[in-house]
Amino acid sequence: MPEEAQHPPKLDRIVDARMALKRRFEAKMQATPALSDAEPRGAGPANRHGMPKLPPGQHITKGWPVLDLGIVPELDTANWTLTVDGACRHPLTLNWKEFLQLEQTDDTSDFHCVTTWSKMDVPWKGVRFADLAALAEPLEAAEHVMCHGYDGYTTNVPLAEALKPDVLLVHTAYGQPLPPEHGGPVRMITPQLYAWKGSKWIKRIEFLTADHPGFWEQRGYSNSAHPWREDRYS
Ligand SMILES: Nc1nc2c(c(=O)[nH]1)N[C@H]1C(S)=C(S)[C@@H](COP(=O)(O)O)O[C@H]1N2
Ligand SMILES: [Mo]
């Protein structure tokens, strides 16, 4: 029976895969700048992971600007699917119902756009990237993911960032379904990186053994995108 036909997947396998990924990436994760920078720049009290709440060069916005390529894909929960594939043992495609059957996580985090606005304390709900990765089981050689949006957007994220517990595939913000203009039904968020690393209208997450630049990374945005070093452009 093909792996993608098994829902819900075996809990033991998922727990083992999660622990294995945690062991494999714990040190790399702790060494990422948003966790290890001894003299981070920025202002305000410490955020949830010990960095100044407002990264350098950012200002707080009360609204929620929309930033994308100007294409809002025609998507709803009936035609949405998410594929996880590439360098992994159990490639899978989930429909909306299957996605909601995965463990759901509530988390509040900040959202830093490279164009200098930051939106603070957004209450999100969705599925942890780490939980999806455990289902798919990336190969030993996998170090990165390429995230693909339904609008043709791509962005690359190292696994040492993507596996952080605040990286979610969100379907809900402020208790409401994520609006289409903000990437609904489901988008990724990367609170410890600039927001372009979180693909709206996420369609596919591809495990990679070598790093490849995504849409903005090919056009001069920083590959690493660390807000507390004002690492905006390369
Ligand atoms: N699929 C997709 N995801 C995307 C983008 C995009 O154009 N397409 N833009 C990125 C950028 S540059 C930012 S700042 C955020 C903006 O999210 P928002 O429009 O919900 O504020 O989405 C990111 N994710
Ligand atoms: Mo952005």
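Everything below is about the structure shown above.
About the thresholds
- As a convention, each chain's residues are numbered from 1 in the sequence order in which they are written.
- Chains carry letters from A onward and ligands carry numbers from 1 onward, assigned in written order.
- Only residues with pLDDT of at least 70 get local features here, since the model is predicted, and only at 80 or more are side-chain atom pairs given and counted; chain-wide, interface and lining totals rely on the full set of residues.
- For side-chain calculations, the full set of non-hydrogen atoms in the structure is used, while hydrogens and water are omitted.
- Disulfide: a pair of cysteine sulfur atoms within 2.5 Å of each other.
- Relative accessibility decides the category of a residue: with a 1.4 Å probe and only protein chains considered, values under 20% of the type maximum give buried, values over 50% give exposed, and everything between is partly exposed.
- Stacked, tilted and edge-to-face are the three classes assigned to paired rings of Phe, Tyr and Trp, where Trp is represented by its six-membered ring and a pair needs centres within 6.5 Å; plane angles under 30 degrees give stacked, over 60 edge-to-face, the rest tilted.
- The criterion for a charge sitting over a ring is simple: Lys NZ or Arg CZ within 6 Å of the ring centre, and within 35 degrees of the ring normal.
- Whether a residue is near a molecule or strand depends on its heavy atoms: if one lies within 4 Å, it is near.
- N or O atoms closer than or at 3.5 Å make up a polar contact, with two conditions inside protein: a donor-capable atom paired with an acceptor-capable one, and, for residues adjacent in sequence, both atoms drawn from side chains.
- Each accessible area is a Shrake-Rupley result for a 1.4 Å probe, and residues are judged covered by the shown protein chains and nothing else.
- Ten residues, namely Ala, Val, Leu, Ile, Met, Phe, Trp, Tyr, Cys and Pro, are considered nonpolar, four, namely Asp, Glu, Lys and Arg, are considered charged, and the remaining ones, Gly among them, are considered polar.
- Joining through side-chain atoms within 4.5 Å is the link that ties buried Ala, Val, Leu, Ile, Met, Phe, Trp, Tyr and Cys residues into a set, and such a set is a nonpolar core.
- Helix and strand assignments come from DSSP, with helices taken as H or I runs of at least 4 residues and strands as E runs of at least 2, each series counted from the N terminus.
- DSSP-based pairing: two strands are paired if at least 2 bridges between them are found.

1. Observations regarding the state of the cysteines
What makes a disulfide is a covalent bond joining the sulfur atoms belonging to two cysteines. With the rule as written, the count across this model stands at 0 disulfides. Here Cys-88 is not disulfide-linked; the sulfur of Cys-147 is the nearest cysteine sulfur, at 13 Å. For Cys-88, a relative accessible area of 9% puts it in the buried group. A relative accessible area of 0% places Cys-147 in the buried class.

2. A closer look at the packing of aromatic side chains
Considering all chains together, one arrives at 14 aromatic pairs under this definition. Arranged with centres 5.0 Å apart and planes meeting at 90 degrees, the rings of Phe-215 and Trp-216 form a pair that is edge-to-face. The exposure class of Trp-216 is partly exposed, given its relative accessible area of 27%. Relative to Tyr-221, the ring of Trp-216 has its centre 4.8 Å away and its plane inclined at 20 degrees; by these criteria the two rings are stacked. Under the relative-accessibility criterion, Tyr-221 is labelled buried at 14%. Every member of this aromatic cluster is reached through a ring pair, and the members are Tyr-153, Tyr-194, Trp-196, Phe-215, Trp-216, Tyr-221 and Tyr-233. The ring of Phe-215 carries Arg-219 above its face, with NZ or CZ at 3.7 Å from the centroid.

3. Notes on the site of ligand 1
Near ligand 1 lie 19 residues; those nearest to it are Pro-65, Asp-151, His-182, Arg-187 and Lys-200. In the environment of ligand 1, an oxygen atom lies 2.8 Å from a nitrogen or oxygen atom belonging to the backbone of Leu-67. At 3.1 Å from an oxygen atom of ligand 1 is found a main-chain nitrogen or oxygen belonging to Leu-69. Here ligand 1 has 530 Å² of accessible area as a free molecule, and 98% of this is covered by the chains. Within the shell around ligand 1, the residues separate by chemical class into 12 nonpolar, 3 polar and 4 charged.

4. Some remarks on the nonpolar core
In terms of nonpolar packing, the biggest core is built from 40 residues, with Leu-82, Phe-129, Leu-132, Val-145, Leu-163, Leu-169 and Phe-207 touching the most fellow members. For this core, the secondary structure elements donating two or more residues are α1 (11-30), β4 (81-86), β5 (92-95), α4 (129-136), β8 (144-149), α5 (159-162) and β13 (202-208). For this core, the element with the highest residue contribution is α4, accounting for 7 residues. Membership of the second largest hydrophobic core comes to 12 residues, among which are Trp-124, Leu-168, Ala-173 and Ile-189.

5. Some points on the pairing of strand β6 (residues 105-112)
With 7 bridges joining them, β6 and strand β7 (residues 117-128) adopt antiparallel strand pairing. Paired with Asp-106 across the two strands is Lys-125, which belongs to β7. Here β6 folds back onto β7, and the loop between the two strands holds 4 residues, one of which, Thr-116, carries a positive phi near 95 degrees.

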